[in-house]
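Residues per chain, in single letters:
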Amino acid sequence: MGRALLPKNGLRQETLDYLRVAQEFIDAARRTENVSDLELLIEQVAYDLGFDFYALIHHVDHRAAHRAASIRLENYPASWVEKFLEHKLYSWDPIHMASYATNLAFAWSDVPDMINLSKKHKDVLKMATREGLGDGITVPANLPGEANGSCSFAVRAGKNLPRQHLNAVHLIGSVAFNSAREIAMKTACAPSSGNSVHLSPRQLDCAILAGQGKSDWEIATILGIAEDTVSQHLDTARERYGVARRVQMVIRAVHDGKIALTDLL
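Residues numbered from 1 in each chain as written. Predicted model: local features only at pLDDT ≥ 70, side-chain atom pairs only at ≥ 80, totals over all residues. Heavy atoms only, no water.

Draft legend 1. Region of the structure containing the nonpolar core. The biggest cluster of nonpolar side chains holds 34 residues, and the ones touching the most others in it are Phe25, Ile42, Phe51, Leu56 and Phe153. Mapped onto this core, the elements with two or more residues apiece are α1 (13-31), α2 (35-48), β1 (53-58), β4 (133-141), β5 (149-156) and α6 (166-189). Apart from residues lying up to four places away in sequence, Phe51 is in contact with Ala46, Ile137, Phe153, Ala154, Val155, Leu161, Pro162 and Val169. (Core = buried A, V, L, I, M, F, W, Y, C linked by side-chain atoms within 4.5 Å. Buried < 20%, exposed > 50% of the residue type's maximum accessible area, 1.4 Å probe, protein only. Helix = DSSP H or I, 4+ residues; strand = E, 2+ residues; numbered from the N terminus. Contact = heavy atoms within 4.5 Å.)

Draft legend 2. Focus on the pairing of β1. Of all the 6 residues making up β1, 6 are buried; the element is thus mostly covered by neighbouring parts of the structure. Every second residue of β1 is oriented toward a common face, with Phe53, Ala55 and Ile57 on one face and Tyr54, Leu56 and His58 on the other, all of them buried. Direction of pairing for β1 relative to β5: antiparallel, over a ladder of 6 bridges. Bridge pairing in β5 links His58 to Gly149. Note: β1 against strand β2 (residues 72-74), 3 bridges, orientation antiparallel. Bridging from a neighbouring strand, Ile57 pairs with Arg72 of β2. (Pairing = 2+ DSSP bridges.)

Draft legend 3. Spotlight on helix α8 (residues 216-223). Within α8, burial applies to Asp216, Ile219, Ala220 and Leu223. Burial along α8 is one-sided: seen end-on, the buried residues are contained in an arc of 100°. For α8, the exposed residues set more than 90 degrees away from the buried face come down to Trp217, Thr221 and Ile222. Residues of α8 that are buried make contact with α7 (201-211), α9 (227-241) and α10 (246-256). Note on α8: the residue one or two positions beyond its end, Gly224, has a positive phi of about 70°. (Arc of directions from axis to C-beta.)

Draft legend 4. Quick peek at the packing of α9 against α10. Two elements in contact, α9 and α10, have axes separated by 9 Å at closest approach and are oriented at 65°. Here α9 and α10 pass one another in a crossing that is left-handed. Along the contact surface, α9 presents Ser231, Leu234, Asp235, Ala237, Arg238 and Tyr241, while α10 presents Arg246, Met249, Arg252, Ala253 and Asp256. Of the residues contributing to the contact of α9 with α10, the split by class is 5 nonpolar, 1 polar and 5 charged. (Axes fitted to C-alpha atoms, helices over the stretch in contact; angles between N-to-C directions. Left-handed = near helix turned anticlockwise from the far one by under 90°. Nonpolar A, V, L, I, M, F, W, Y, C, P; charged D, E, K, R; others polar.)

Draft legend 5. Molecular detail of the packing of α7 against α8. Running from amino to carboxyl end, α7 crosses α8 at an angle of 130°, the nearest separation of the two axes being 10 Å. Between α7 and α8, the angle is such that the two are oblique. Our pair here, α7 against α8, has a crossing hand that is right-handed. Packed against α7, whose contacting residues are Arg202, Asp205, Cys206, Leu209 and Ala210, the element α8 presents Ile219, Ile222 and Leu223 at the interface. When the residues that make up the contact of α7 with α8 are grouped by side-chain class, the tally is 6 nonpolar, no polar and 2 charged. (Parallel < 35°, antiparallel > 145°, perpendicular 65-115°, else oblique.)

Set out below in structure tokens:
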């Protein structure tokens, strides 16, 4: 018996075309080295799939967050973005809330079936509609130890959602967020083109020993100084690099040439 053919009601050419669009985006995103080029790719693929808006963001207060530590790429209506940030609506955004309950892409119109909507949640949705946002699809991006995020594609109010592209959007959104993360991490770890961060000789001594995995007490014993002084030196070095963790500070110092990898062995 010969190999069975796909039934006539099987995969449509349209579906195959949009999966091709997704694969082309994935291939291009993996070669992208800066945020501007990635944003152009996202804007183009949103248009190709029939969407009007996109938003690739960390769910944080972007007015307070350090630029290198948070991701925010979007072309939502400016009036909506202003209200969203001004009134801190991210704390009550039901789309964000729903994205914490699943790892799969979902349509915004399905959110009432995913979580219980309070009056504040419903108010946020009504405000978004008044500002021109219609239905959309969101891909959650939740990684342990990092701020939650998502990649969303939406249509303008009154326009039908191209729900048939949900699987393609899931692939595209996941790759887009991961690409943005990698670019942001490379930027954060890259040597500064401006004034170099200054670390004192004692701060460098503490950083090298911390990079070797030694505790504050061990560093204090080796250098013959107080343990509190070690903590202060390391915290100062971390703050000067504008990072949250000591290991990030050590990595930045290595990239700056202040610490050699051989020093950490």
